[in-house]
Amino acid sequence: MQKWVLLIIFSFILISCKIEFSSNSLHKQAKIKEEVNTILNDWHQAAAEANFENYFNRFDSISVYIGTDASENWNKKQFADFSKPYFDAGKAWSFKTIERNIYTNSTANFVWFDELLNTWMGTCRGSGVLEKTNNEWKIKHYVLSVSIPNDDIQKVISVKQKNDSIFLNSNKHD
């Protein structure tokens, strides 16, 4: 009988530890999501204010930015070189977040996200990855895409067919 009492007590202890751990884990995830949300909002704000330094300091040194054009697959330096004239002219771009989903890995040093944006191009989607190293979050990868309503896709395909053909022919890999 004594063994059963000990087993029951031990089981209750394990269950309460698991509940406490789960609660701490959820709190930690919520804090990370809040932190990353602020970072991404500040990053978009830096572009809207044409603040080159604040915008590009959010990128990791080995980051990738994929833009809306098929040719726009840039490392940080390439993207910075492309963007610098816009920032220098005081007019980069302004993306307003409509919604954002942020996900974390189990070790809390890696997040991925997707966002719906209101931009000068209309509604766009962004998605990306951030990694926390040396206690700082850095953007490792970002993809911007123009959202196209399904009912309009055939019109868009027709409009871009010529340029797609040129791009594909110039990027043939044998």
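Keep in mind that this is a model prediction, so the values were computed, not measured.

## Details of the nonpolar core
Membership of the largest hydrophobic core comes to 30 residues, with the highest contact counts inside it found for Y55, Y65 and L130. Elements with a minimum of two residues in this core: α1 (2-48), α2 (52-56), β1 (59-66), α3 (76-88), β4 (110-119), β5 (122-133) and β6 (136-146). The leading source of residues in this core is α1, at 7 residues. Each residue touching Y55, except ones within four places of it in the same chain, is listed here: W43, A46, A47, Y65, F79, F87 and W93.

## Section: the packing of aromatic side chains
Overall, the coordinates contain 26 aromatic pairs when judged by the stated rule. Their ring planes at 85° and their centres at 5.4 Å tell us that F87 and W93 sit as a pair that is edge-to-face. This pair shows no difference in class: F87 is buried, exactly as W93 is. The positively charged end of K84 is found above the aromatic ring belonging to F52, 4.8 Å away from the centroid.

## Let's talk about unusual backbone geometry
Residues other than glycine predominantly adopt negative phi, and peptide bonds predominantly adopt the trans conformation. Look at A108: it is not a glycine, yet its phi comes out positive at around 60°. Considering the arrangement of structural elements, one finds A108 in the loop between β3 (96-104) and β4. What makes A108 buried here is its relative accessible area of 15%.

## Details of helix α4 (residues 153-170)
With 18 residues, α4 ought to run about 26 Å at 1.5 Å a step, and its terminal C-alpha atoms sit 24 Å apart, in line with that. At Q161, α4 shows its largest bend, some 50°. The element α4 is barely covered by neighbouring structure, given that only 0 of its 18 residues are classed as buried.

## Focus: the pairing of β6
Of the strand pairs in this sheet, β1 and β6 are connected by 4 bridges, and their pairing is parallel. Paired with V64 across the two strands is H141, which belongs to β6. Bridge analysis of β5 against β6 gives 10 bridges, and the strand direction is antiparallel. Looking across to β6, one finds that R125 is bridged to S145. The loop that links β5 with its antiparallel partner β6 comprises 2 residues; one of these, N134, has a positive phi angle of about 50°.

Rules used throughout
Residues numbered from 1 in each chain as written. Predicted model: local features only at pLDDT ≥ 70, side-chain atom pairs only at ≥ 80, totals over all residues. Heavy atoms only, no water. Core = buried A, V, L, I, M, F, W, Y, C linked by side-chain atoms within 4.5 Å. Buried < 20%, exposed > 50% of the residue type's maximum accessible area, 1.4 Å probe, protein only. Helix = DSSP H or I, 4+ residues; strand = E, 2+ residues; numbered from the N terminus. Contact = heavy atoms within 4.5 Å. Phe/Tyr/Trp six-rings, centres within 6.5 Å; stacked < 30°, edge-to-face > 60°. Lys NZ or Arg CZ within 6 Å of the ring centre and 35° of its normal. Expected span 1.5 Å × (residues − 1). Bend = angle between axes of the 7 residues up to and from the residue. Pairing = 2+ DSSP bridges.

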